[in-house]
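Notes for the structure review
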Amino acid sequence: MSKYVITVTPKGKYHFNLVANNGEKILSSQLYAARKGALKGIRSVAKNAPAAPVVDLTAKKVVEAGNPKFEIFAGKDGKSYFRLIAANAKAIGVSEGYNTMAACKNGIKSVKKAAAAEIEKPAKAAAKKAAPAKKAPAKKATAKKAPAKKAPAKKAAKKK
């Protein structure tokens, strides 16, 4: 089942990922100052994605569309990406890189289908993201004692 997962960065910023049934991230948001902003972004995906047309910016002849829309673009790494643009012309989220245009277009279809997904509860999200292991308190440095030397074994006295 697809879901939105909200996470907090080490600097206290929030962002969300839309995760497909297979566990792959299909859309990642910008950073938000508060959880409320991330929730607003999720509502915007749910509202805008299902009916948004697709504009392929890599095509020789680009057919423009109004907002909201999906834009397909080429990354510096040569992969195909898409971003969802809201009605206010701001990017809501961006995809991972795809090796083929067909895979990129399938990613868009997945976002459209999953747009109404549930938001994962914070407790579950926190449990999945394991907290870093706490370090054990440092032990006091103690001088290691050299192992005690065994006295050489006494030779048995020879009997005459």
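In this numbering scheme, every chain counts its residues from 1 along its sequence in written order. Owing to the predicted nature of the model, reporting of local features is limited to residues with pLDDT of at least 70; listing and counting of side-chain atom pairs is limited to 80 or more, with chain, interface and lining totals taken over all residues. As a rule here, side-chain values come from all non-hydrogen atoms in the structure, and water together with hydrogens is ignored.

Our next topic: the sheet that holds strand E3 (residues 25-29). Two strands form a pair only when DSSP identifies at least two bridges running between them. Counting from the N terminus, the helices are DSSP H or I runs at least four residues long and the strands are E runs at least two residues long. Reading across the sheet, the 8 strands line up as E4-E5-E6-E7-E3-E2-E1-E8 and stay open at both edges, with mixed pairing between neighbours. Pairing within the sheet leaves two strands with one partner each, and these edge strands are strand E4 (54-56) and strand E8 (118-119). By the bridge criterion, 3 bridges tie E4 to strand E5 (residues 69-74) in an arrangement that is parallel. Paired with aspartate 56 across the two strands is isoleucine 72, which belongs to E5. Note on contacts: a residue pair is in contact if any heavy atoms of the two residues lie within 4.5 Å. To obtain an axis, a line is fitted to C-alpha atoms, over the contacting stretch when the element is a helix, and the angle between two such axes runs from 0 to 180 degrees between their N-to-C directions. Of the strands in this sheet, strand E1 (3-8), strand E2 (14-19), E3, strand E6 (80-85), strand E7 (91-94) and E8 touch helix H1 (residues 35-48), which is tilted by about 155° from E1.

Before going further, it helps to examine the confidence of the model for the protein chain. In this model, the protein chain carries an average pLDDT of 85, and 76% of its residues clear a pLDDT of 70 or more. Here residues 124-131 is a poorly scored stretch, pLDDT under 50, and it has 6 contacts once near neighbours within four places are set aside; other chains count. The predictor's confidence in any single residue is recorded as pLDDT, a number from 0 to 100.

Relative to the helices and strands, serine 44 resides in helix H1. Considered as a pair, serine 44 and leucine 84 are 40 residues apart in the sequence and their alpha carbons are 9.8 Å apart. Those residues in contact with serine 44 that lie beyond four places of it in its chain are Ala49, Ala86 and Ile92.

Basic side-chain nitrogens of Lys or Arg form a salt bridge, by our definition, when they fall within 4 Å of a carboxyl oxygen of Asp or Glu. Per the stated rule, a full pass over the model turns up 4 salt bridges. The residue lysine 69 makes a salt bridge to glutamate 64 at a minimum N-O spacing of 3.0 Å. Taking the relative accessible area as the measure of exposure, lysine 69 reaches 7% and is therefore buried. The exposed category is assigned to glutamate 64, whose relative accessible area is 52%. Burial classes follow relative accessibility: with a 1.4 Å probe on protein chains only, a residue under 20% of its type's maximum area counts as buried, one over 50% as exposed, and anything between as partly exposed.

Core analysis: the largest hydrophobic core is formed by 26 residues, its most contacted members being Tyr4, Phe16, Leu18, Val45, Phe70, Phe82 and Val111. Secondary structure elements with two or more residues in this core: E1, E2, E3, H1, E5, E6 and helix H2 (101-114). Each residue touching tyrosine 4, except ones within four places of it in the same chain, is listed here: Phe16, Asn17, Leu18, Ile42, Val45, Ala46, Ala114, Ala115, Ala117, Glu118, Ile119 and Glu120. Nonpolar cores are built from buried Ala, Val, Leu, Ile, Met, Phe, Trp, Tyr and Cys residues. Side-chain atoms within 4.5 Å join them into one set.

What follows deals with the packing of aromatic side chains. When two rings of Phe, Tyr or Trp (its six-membered ring) have centres within 6.5 Å they constitute a pair, described as stacked for plane angles under 30 degrees, edge-to-face for angles over 60, and tilted for the intermediate range. Applying the stated criterion to the full structure yields 5 aromatic pairs. Both rings, one in phenylalanine 73 and one in tyrosine 81, keep their centres 5.6 Å apart while their planes meet at 15°; by these two values the pair is stacked. Each of the two residues, phenylalanine 73 as well as tyrosine 81, counts as buried. Between phenylalanine 82 and tyrosine 98, the aromatic rings sit 6.1 Å apart at their centres with planes inclined by 15°, giving stacked as the arrangement.

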